[in-house]
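Spelled out from the first residue to the last, the chains are:
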Amino acid sequence: MISKVIRKIYLLCKVYKLIIFVNARRGKAVKNSYKPVYIPTEIITKMINDQNSSDYRFYNQKFMIRKFGLIQKGEWDIDLFNISSLPILELFQERFIEKLNWENTNYYKKLIEKFKLNGTRRGCKSLEEYYEKNFNRWEKIYLNIKENGYKTQKELGNISVYEIEVCISRHGDVIFVDGRHRLCMAKILNIKEIPVIINMWHYEFIVLFKNENRDKELNNKNLVEFLLNFNERRK
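Residues numbered from 1 in each chain as written. Predicted model: local features only at pLDDT ≥ 70, side-chain atom pairs only at ≥ 80, totals over all residues. Heavy atoms only, no water.

**Q** Break down the overall build of the chain for me, citing the residues and quoting the values.
**A** Each helix and strand in the chain was counted, giving eight helices and nine strands. A buried classification covers 42% of the 235 residues belonging to the chain. Taking as baseline every contact in the chain between residues at least 6 positions apart, the subset at least 24 positions apart corresponds to 69%. Counting only carbon and sulfur atoms, one obtains 51% of the accessible surface of the chain, whose full area is about 13900 Å². (Helix = DSSP H or I, 4+ residues; strand = E, 2+ residues; numbered from the N terminus. Buried < 20%, exposed > 50% of the residue type's maximum accessible area, 1.4 Å probe, protein only. Contact = heavy atoms within 4.5 Å. Areas by Shrake-Rupley, 256 points an atom, 1.4 Å probe, with all protein chains shown as cover.)

Now the structure itself:
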C-alpha cells in the first residue's frame, strides 16, 4: 500500500515538472516554479477572491493538477479580500492567543448552527467527529510548529508541491490562494518567513521584471529575488 502511494507521488511530481517545462518553453510559465520559495509572512495580507479562483482555475479539480508559475493576464488580482477576514484566523487567535476553549469560540458557535442546518460539515456527521478530525489535529499542528518550528512539506514527509500557495499581482503583491490553516498559524506564531509555491504571476509584473532585468533569465529564483527587492523598495 505504502509503495503504491510513493509511486503515485513520484509520478505526480513527474507530471508537474513536465507541465511546467512545456509551459515554460511556450512562454506561458516560469521555469522551476514547482520548487518552494521563502516569502516573508508579513507581506501576505491579501487573499484571492473565490470567484476569481474559480474563473482562472488555479488547479484542475478533476485531475487535481495544480498550476505552477503560470503567466496570466486578466483582472484576477483586482478584487481581493484581507487575510484578517478569514474565520479560521479569528478561531486560532481566540484559541491560541486568548486561550479560549474550542467550545467557547465564535467559530464553534457557528459550527453548531451549521450542523443543525445541514447535518454535516467538512465530511463530518457530528460535532464529536469534527472535533476529533479538526480541532484536535489543528491543536497538534500548532503545538508542533510552536515547539519545533515551521517545517517544509518535504521535511514532514509529504510531497513538496503542496506548500502554501500564492500568486503575484501586477503590482507585486503576494496574494494568498490555498493553505489557510498553516498560514494563519504562521502569522499567529510570528514566523518570519514560510515556504510557498507561486502558482501564478500576473503578466504585467513579468513585463516589469523583463524591463528592469534584460540580462537575467526568467526563472523562479530570479523572479523571487526581484519580487522581494521590489517590495522592499515600496516600504
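**Q** Give a description of the pairing of strand β1 (residues 37-40) that names residues and reports values.
**A** Because side chains alternate across β1, one face comprises the buried residues Val37 and Ile39, and the other comprises Tyr38 and Pro40, none of which is buried. In this sheet, strand β9 (residues 193-202) lies alongside β1 in antiparallel orientation, the contact comprising four bridges. Opposite Pro40, over in β9, you have Glu193 as the bridge partner. (Pairing = 2+ DSSP bridges.)

**Q** Before we move on, could you go through the nonpolar core and cite the residues and values that matter?
**A** Counting residues in hydrophobic clusters, the biggest one holds 51 residues, and the most contacted among them are Ile39, Phe92, Phe135, Trp138 and Trp201. Phe135 has contacts with Leu91, Trp102, Tyr107, Tyr108, Leu111 and Tyr130, leaving out every residue within four places of it along the chain. If you look at the next biggest cluster of nonpolar residues, it comprises seven residues, including Leu70, Cys167, Ile175 and Met200. (Core = buried A, V, L, I, M, F, W, Y, C linked by side-chain atoms within 4.5 Å.)

**Q** Please give an account of a positive patch on the surface that cites residues and values.
**A** Together, Lys110, Lys114, Arg121, Arg122 and Arg137 make up a region of like positive charge exposed at the surface. By secondary structure assignment, the location of Lys114 is in helix α4 (residues 106-118). (Patch = residues over 30% accessible without salt bridge, like charges linked within 9 Å, V, L, I, M, F, W, Y side chains within 5 Å. Salt bridge = Lys/Arg side-chain N within 4 Å of Asp/Glu carboxyl O. Lys, Arg positive; Asp, Glu negative; His and termini not counted. Charge placed at Lys NZ, Arg CZ, Asp CG, Glu CD.)

**Q** Quick rundown of unusual backbone geometry? Include the residues and the values.
**A** Positioned with a positive phi, Lys99 is a non-glycine residue whose angle comes to about 65°. With respect to the helices and strands, the residue Lys99 is situated in the loop between α3 (87-97) and α4. A relative accessible area of 56% places Lys99 in the exposed class. Here Asn190, not a glycine, exhibits a phi torsion of approximately 55°, which is positive.

**Q** Give a description of the packing of α3 against helix α6 (residues 180-188) that names residues and reports values.
**A** Between two packed helices, both the angle of their axes relative to each other and the distance between the axes serve to describe the pair. Where α3 contacts α6, the two axes come as close as 10 Å, and the packing angle between them is 45°. In terms of axis orientation, α3 runs oblique to α6. As α3 packs across α6, the resulting crossing turns out to be right-handed. Where α3 abuts α6, its residues Ile88, Leu89, Phe92, Gln93 and Ile97 lie against Arg180, His181, Cys184, Met185 and Ile188. For the contact of α3 with α6, the residue count by class is seven nonpolar, two polar and one charged. (Axes fitted to C-alpha atoms, helices over the stretch in contact; angles between N-to-C directions. Parallel < 35°, antiparallel > 145°, perpendicular 65-115°, else oblique. Left-handed = near helix turned anticlockwise from the far one by under 90°. Nonpolar A, V, L, I, M, F, W, Y, C, P; charged D, E, K, R; others polar.)

**Q** Could you give me a rundown of the packing of α3 against helix α5 (residues 127-148), with the residues and numbers involved?
**A** Where α3 meets α5, the axes come as close as 12 Å, and the angle between the chain directions of the two elements is 70°. If you check the angle between α3 and α5, you find them roughly perpendicular. Viewed along their axes, α3 and α5 form a crossing whose handedness is right-handed. Where α3 abuts α5, its residues Ile88, Leu91, Phe92, Arg95 and Phe96 lie against Phe135, Trp138, Glu139 and Tyr142. Residues belonging to the contact of α3 with α5 are distributed by class as follows: seven nonpolar, no polar and two charged.

**Q** Report on the layout of surface pockets, specifying residues and quantitative values.
**A** The calculated volume of the largest pocket comes to roughly 670 Å³. What lines the largest pocket is a set of 29 residues, among which Ile88, Trp138, Arg180, His181 and Arg182 lie closest to the centre. Elements that contribute at least two residues to the lining of the largest pocket include exactly α3, α4, α5 and α6. Residue contributions to the lining of the largest pocket peak at six residues, all from α5. In terms of residue class, the lining of the largest pocket is built from twelve nonpolar, six polar and eleven charged. (1 Å grid on protein atoms, 1.4 Å probe; cavity = no way out; pocket = protein on both sides within 12 Å on 5 of 7 lines; lining within 4 Å. Points joined across faces, edges and corners; volume = space filled by probe spheres on them.)

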